[in-house]
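A structural walkthrough
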Amino acid sequence: MKIFHTADWHLGKLVQGVYMTKEQEYVLNQFIQAIDEEQPDVVIIAGDLYDRAVPPVEAVNLLDSVLAEIILKRKIPVLSIAGNHDSPTRVGFGHQILKGSGLYISGELTENIEPIILHDEFGEVHFYLVPYTEPSTVKNIYQDDSISNFNEAMQKVIERIEQNMDKSKRHVFIGHAFVTPHGEMEENTSDSERPLSIGGSEYVSAEHFKPFHYTALGHLHKAHYVLNETIRYSGSPLKYSSSEANHEKGFLVVDLDEKGQVLVSKRTFQPRRDLRIVEGTLQDILKHEVSEDYVFVRLLDITPVVGAMEQIRTVYPNAMHVERKTIQQNIIIGENVTEQRAQLDDLSLFKAFYNEIVGTEPSESTEKLFREVLAEMLRDERESKEMVISK
């Protein structure tokens, strides 16, 4: 069985105030073209179809259009779940009716998770759709007060699935969670994905997914596997923050053989406009070729720049953000910096500050300018004190 695994579409996404709907439509058209070329047996969307619980009309229309192309025109079933950005009730509305057309969608977790059974030339493949669910909800569904975090919640859900699992069949899990090799804390792969919880309780151990031949995950925006190559994140189809600038976006093609062994390969998308980081002085950047890409600019100018964004947009009209890059360095290692700085004279303190911000020692001309300004300030302060005394 050939499976297309994708996730985290985030339709209706705003990046720095810019709606990404047209960019999403552009890559999803490539996804439909890939379906025509490779003829998968099923498409998985592992959560976060929308970017928020109440998506804009354009996002709803885009999802409706894409699903109609896949399910109604090409007769390929789609298996999808709600992610943490979705509204479970909205995403799951009409699921009993829609499955007759080939759209199997799970918005809210139920106590008994019945598999969606599809067939290939080797027999049945059982798909388990587990939407994003808060631990408190899992605790209430299963009446288990011992559940206090996402790891325990996932363990409970999978234990219940295993009770009725036919071991002679092939099994695919579809979920939306922050999965790490053993449930340990890891950095998120994107600044655009909101945390699932505060205080380190969001992580789920990949060891729970051993009963499944393949685990299709959503939530993290960078494509990668966890613990072993059968537990995978497909990543998002587009870059949604500067932290994703180096990501290679696309989807996964999973070939499941007769014995449940999988071969996974990746297909990449070509965005209409790339999202990337540009570094350099303003004068250097103004010499770049004009580009429609979405750029986050880091200026290397030492001195302040007036009207930076207006100037940058003459070259990058879709520039999203501009900032000055600073180099933070402590000049005293292993000692109390605050106490040490209190002992420095004015010039030494200025040199330390300059080094932290710029990353180099001030030039002779800069030092001379500082001395002149300092002397003028001290003179003004002295004259003010003398006036007070004379009164």
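Preceding this section is the structure that the text describes.
Just so you know, these numbers come straight off a predicted model, no measurement behind them.

**Considering the overall build of the protein chain**
- Each helix and strand counted, the protein chain has 11 helices and 19 strands in total.
- For 391 residues, the compact-globule formula gives about 21 Å, and the C-alpha radius of gyration of the protein chain, at 28 Å, lies well above that figure.
- Oriented by its inertia axes, the alpha-carbon framework of the protein chain measures out at about 95 × 50 × 40 Å.
- Taking all 391 residues of the protein chain together, 47% fall into the buried category.
- Residue pairs at least 24 apart in sequence account for 66% of intrachain contacts in the protein chain once pairs closer than 6 positions are excluded.
- By element, 49% of the accessible surface of the protein chain is carried by carbon and sulfur atoms, the whole surface being about 20,400 Å².
- A gap of 3 Å separates the mean positions of the 40 positive and 62 negative side-chain charges of the protein chain.

**Considering unusual backbone geometry**
- Here Gln143, not a glycine, exhibits a phi torsion of approximately 50°, which is positive.
- Among the secondary structure elements, Gln143 is positioned in the loop between helix H5 (135-142) and helix H6 (150-163).
- Residue classification places Gln143 among the exposed positions, given a relative accessible area of 68%.
- For Leu227, which is not a glycine, the phi torsion comes out positive at approximately 70°.
- Locating Leu227 in the fold gives a position in the loop between strand E13 (224-226) and strand E14 (228-233).

**Regarding the packing of aromatic side chains**
- Per the counting criterion, the structure on display carries 12 aromatic pairs.
- Taking 4.8 Å as the distance between ring centres and 45° as the angle between the ring planes, the aromatic pair formed by Phe4 and Phe251 counts as tilted. With Phe4 in strand E1 (residues 2-6) and Phe251 in strand E15 (residues 250-256), the pair connects residues that are 247 residues apart, well separated along the chain.
- You can call Phe4 buried: its relative accessible area is 0%.

What counts and how
- Residues numbered from 1 in each chain as written.
- Predicted model: local features only at pLDDT ≥ 70, side-chain atom pairs only at ≥ 80, totals over all residues.
- Heavy atoms only, no water.
- Helix = DSSP H or I, 4+ residues; strand = E, 2+ residues; numbered from the N terminus.
- Rg over C-alpha atoms; globule rule 2.2 N^0.38 Å.
- Buried < 20%, exposed > 50% of the residue type's maximum accessible area, 1.4 Å probe, protein only.
- Contact = heavy atoms within 4.5 Å.
- Areas by Shrake-Rupley, 256 points an atom, 1.4 Å probe, with all protein chains shown as cover.
- Lys, Arg positive; Asp, Glu negative; His and termini not counted.
- Charge placed at Lys NZ, Arg CZ, Asp CG, Glu CD.
- Phe/Tyr/Trp six-rings, centres within 6.5 Å; stacked < 30°, edge-to-face > 60°.

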